[in-house]
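Residue strings, one per chain:
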Amino acid sequence: MTDLDEGRYLYCVVRLDEGAEPEFSATGVDGEPVSVVAADGLGAVVHPCEALYDSDAPAEIKRWLLRHQEVVDEAGEAFGTPLPFQFDTILKGGDDRVREWLREESETFRTHLDALAGHWEYRIEVARDEEAAAEAVVEGDAELRELRDRVDEASEGTRFLLEKQYERQLRRELRARREAQAGSLADRLRPHVRELHDLGERRSTGLDVGEASDAEPFARFAALATDEGADALGDVLESIAAEPGVEVRFTGPWPPYTFTPDLGEDARGTNA
Amino acid sequence: MGSGGPTRRSDSLADVVEMLLDKGVVINADIAVTIGETELLGIQLRAAIASFETAAQYGLEFPEGTDMERVREVSGRSAHLEPLDAASGGDEDGDEGEGEDDRDRAEIAVAAPVDGPTVTDPEVDEDADPEVDEDDGSEAADGDGSGVEDAESDSGEGGGSDSADETSEASEEGEVSEEGDDDDD
């Protein structure tokens, strides 16, 4: 794999107080010593490394990820909202090259750090009891009820086809209901956040370390909010969670991973 | 959940995984170490990420020489997924290409072997099953390098005996109601 003589594993870029030498140390991925490389009022939180972190062992990857996150958390506590980088981002060259890079990009970094200051990312997942939802749909839909009755009365030959028809229609209604509910959910959250990003219904990335037992959410959002905004979100979500059969997952504060800019051309299209 | 405030509990691992691997600033400049054009993640690591969307973005393929038979065997999943594709593929609206997606997903997911269902089960109450323990990574961590054992010990407590049926149901439901409108942005 890509080995390099001198590399710097990058966690995040932070804003530093003018003049002051940053005092920050942390234990990084694989126990490496983390420090801040400073230039131009900006700091790159890094540790020295010689190769990409790569493994096919989920437990090891998980350990790395949690450690990485821990470091970014500590940096955020020390310096305010950081600009978090993707896992396994490694800069070629030593501290001097990193400083040079900070200077080159300083305007971009400042703009984004200023914009994100005081804001953190929150993750919201709302799951619902699918059976209850289906029941509610059937109860509220005369056509479906009639179809269900016909299934019950049908002879064996026609029953199969009627059942298919019933299921298809139920799924269509469920999907419409899901979309409507997700939409109204977003409307209720939006006033309290600066940005709301729809993450789709399914996680884009997972790691098989036993995390897959979560209920399937029907709506997922990343929100960029202040502390006050997060409090208000909590209140809204609490009332949503009080509805029967609805489960809410609300995590944060996180560094604003979902609300980071693309740097350079041809950046992957998924970053919001 | 009940309490109003946000949490950072052990089950936040899923968030950490997604944010760190799929979000965050990506540098596309000479200064960054890359494999190929813009792929920052290690190859093995990418294979261990149970995601077809991400995999598709990266054009992920299994490393040369991966024993797919073994992978299927360990996962026990493909057997359920493929017949389902065939059975339900015909009665969907606007689901072009879903069968493909599901197959990709199955193959990628199995790079990290588990003995329970990987497709999430809508019936499982997340709070009742806190099997993600922040500490268990460290005990399995050093030395043995065996992803198989690690994964199995992690998921073993939660994988029920009825996993096969639930996997089928979950994947059918998932396919039916969730594909197609997943696009971010």
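This one's a predicted model, so the numbers in the text were calculated from it and none came from an experiment.

**Some thoughts on unusual backbone geometry**
With glycine set apart, most residues show a phi of negative sign, and most peptide bonds adopt trans. Residue and element names in this part refer to chain A. Each neighbour pair has its own omega, and for Gly252 with Pro253 the value is -5°, a cis peptide bond. The topology assignment puts Pro253 in strand β10 (residues 246–254). Within the chain, Asp30 stands out as a residue other than glycine whose phi angle is a positive 60°. Here Asp30 lies in the loop between β2 (26–27) and β3 (33–39). Given the relative accessible area of 44%, Asp30 is considered partly exposed.

**Concerning the sheet that holds strand β8 (residues 195–198) of chain A**
All names here are of chain A. Reading across from one edge, β8-β9-β7-β10 is the order of the four strands in this open sheet, with antiparallel pairing throughout. The outermost strands of the open sheet, each flanked by one partner alone, are β8 and β10. Between one strand axis and the next, the sheet turns through 20° on average, direction left out of account. Relative to strand β9 (residues 217–225), strand β7 (residues 120–128) runs antiparallel, the two being bridged by eight bridges. Considered in β9, the bridge of Ile124 is made with Phe221.

**A look at helix α1 (residues 58–79) of chain A**
For α1 of chain A, spanning 22 residues, the distance from its first C-alpha to its last is 31 Å, which sits close to the expected 32 Å at 1.5 Å a residue. Phi turns positive one or two residues past the end of α1 of chain A, at Gly80 of chain A, with a value near 90°.

**Considerations on the packing of helix α5 (residues 142–153) of chain A against helix α6 (residues 156–189) of chain A**
Residues and elements named next belong to chain A. At a minimum axis distance of 9 Å, the contact between α5 and α6 shows a crossing angle of 155°. Compared by their axis directions, α5 and α6 come out roughly antiparallel. Where α5 crosses over α6, the handedness of that crossing is left-handed. When α5 is examined against α6, the residues Glu143, Leu144, Leu147, Arg148, Arg150, Val151 and Asp152 are found in contact with a partner set consisting of Arg159, Leu162, Glu163, Gln165, Tyr166, Gln169, Leu170 and Glu173. The residue inventory of the contact of α5 with α6, partitioned by class, reads six nonpolar, two polar and seven charged.

**What to know about the environment of Val16 of chain B**
Mapped onto the fold, Val16 of chain B is located in helix α1 (residues 13–22). For Val16 of chain B, a relative accessible area of 3% corresponds to the buried category. The contact partners of Val16 of chain B, leaving out residues within four places of it in the chain, are Leu65, Leu66, Gln69 and Trp254 of chain A.

**Comments concerning the pattern of salt bridges**
Any two side chains of opposite charge can pair, on the condition that their charged atoms come close. Residues and elements named next belong to chain A. Tallied over the full model, the rule gives 20 salt bridges over all chains. With a shortest N-O distance of 3.8 Å, Arg110 and Asp40 are connected by a salt bridge. Placement of Arg110 in helix α3 (residues 106–116) and of Asp40 in the loop between β3 and β4 (42–51) is noted, with a sequence separation of 70 residues between them. The closest approach of N and O atoms between Arg67 and Glu74, which form a salt bridge, is 3.9 Å. Of the residues examined, Arg67 reaches a relative accessible area of 27% and is grouped as partly exposed.

**What about a negative patch on the surface?**
Residues and elements named next belong to chain A. Together, Glu143, Glu146, Asp149, Asp152, Glu153, Glu163 and Glu167 line one region of the surface with negative charge. For the negative patch, the elements supplying multiple residues, two or more each, are α5 and α6. Ranked by residue count, the leading element in the negative patch is α5, at five residues. Turning to its location among the elements, Asp149 is positioned in helix α5.

**Quick look at the confidence of the model for chain B**
Residues and elements named next belong to chain B. Confidence in the prediction for chain B averages 47 pLDDT; 14% of positions are at 70 or higher. Per-residue pLDDT, averaged within each element of chain B, yields its smallest value for helix α5 (residues 78–88) (31) and its largest for α1 (85). In this model residues 51–185 is a low-confidence stretch, pLDDT under 50, and it forms 213 contacts with partners more than four residues away in sequence or in other chains.

**Observations regarding the packing of aromatic side chains**
Residues and elements named next belong to chain A. This structure, assessed with the given rule, holds 10 aromatic pairs over all chains. Note on Phe24 and Phe79: the rings are 5.6 Å apart at their centroids and 55° apart in plane angle, and the pair reads as tilted. Of this pair, Phe24 sits in the loop between β1 (3–15) and β2 while Phe79 sits in helix α1; the two residues are 55 residues apart in sequence, bridging distant segments of the chain. Like Phe79, Phe24 is buried. For the pair Tyr53 and Trp64, a centre-to-centre distance of 5.3 Å together with 65° between the ring planes defines the contact as edge-to-face. Of this pair, Tyr53 sits in the loop between β4 and α1 while Trp64 sits in helix α1, and the two are 11 residues apart along the sequence. Like Trp64, Tyr53 is buried.

Thresholds applied
- Residues numbered from 1 in each chain as written.
- Chains lettered and ligands numbered in written order.
- Predicted model: local features only at pLDDT ≥ 70, side-chain atom pairs only at ≥ 80, totals over all residues.
- Heavy atoms only, no water.
- Helix = DSSP H or I, 4+ residues; strand = E, 2+ residues; numbered from the N terminus.
- Buried < 20%, exposed > 50% of the residue type's maximum accessible area, 1.4 Å probe, protein only.
- Pairing = 2+ DSSP bridges.
- Axes fitted to C-alpha atoms, helices over the stretch in contact; angles between N-to-C directions.
- Expected span 1.5 Å × (residues − 1).
- Parallel < 35°, antiparallel > 145°, perpendicular 65-115°, else oblique.
- Left-handed = near helix turned anticlockwise from the far one by under 90°.
- Contact = heavy atoms within 4.5 Å.
- Nonpolar A, V, L, I, M, F, W, Y, C, P; charged D, E, K, R; others polar.
- Salt bridge = Lys/Arg side-chain N within 4 Å of Asp/Glu carboxyl O.
- Patch = residues over 30% accessible without salt bridge, like charges linked within 9 Å, V, L, I, M, F, W, Y side chains within 5 Å.
- Areas by Shrake-Rupley, 256 points an atom, 1.4 Å probe, with all protein chains shown as cover.
- Lys, Arg positive; Asp, Glu negative; His and termini not counted.
- Charge placed at Lys NZ, Arg CZ, Asp CG, Glu CD.
- pLDDT = per-residue confidence, 0-100.
- Phe/Tyr/Trp six-rings, centres within 6.5 Å; stacked < 30°, edge-to-face > 60°.

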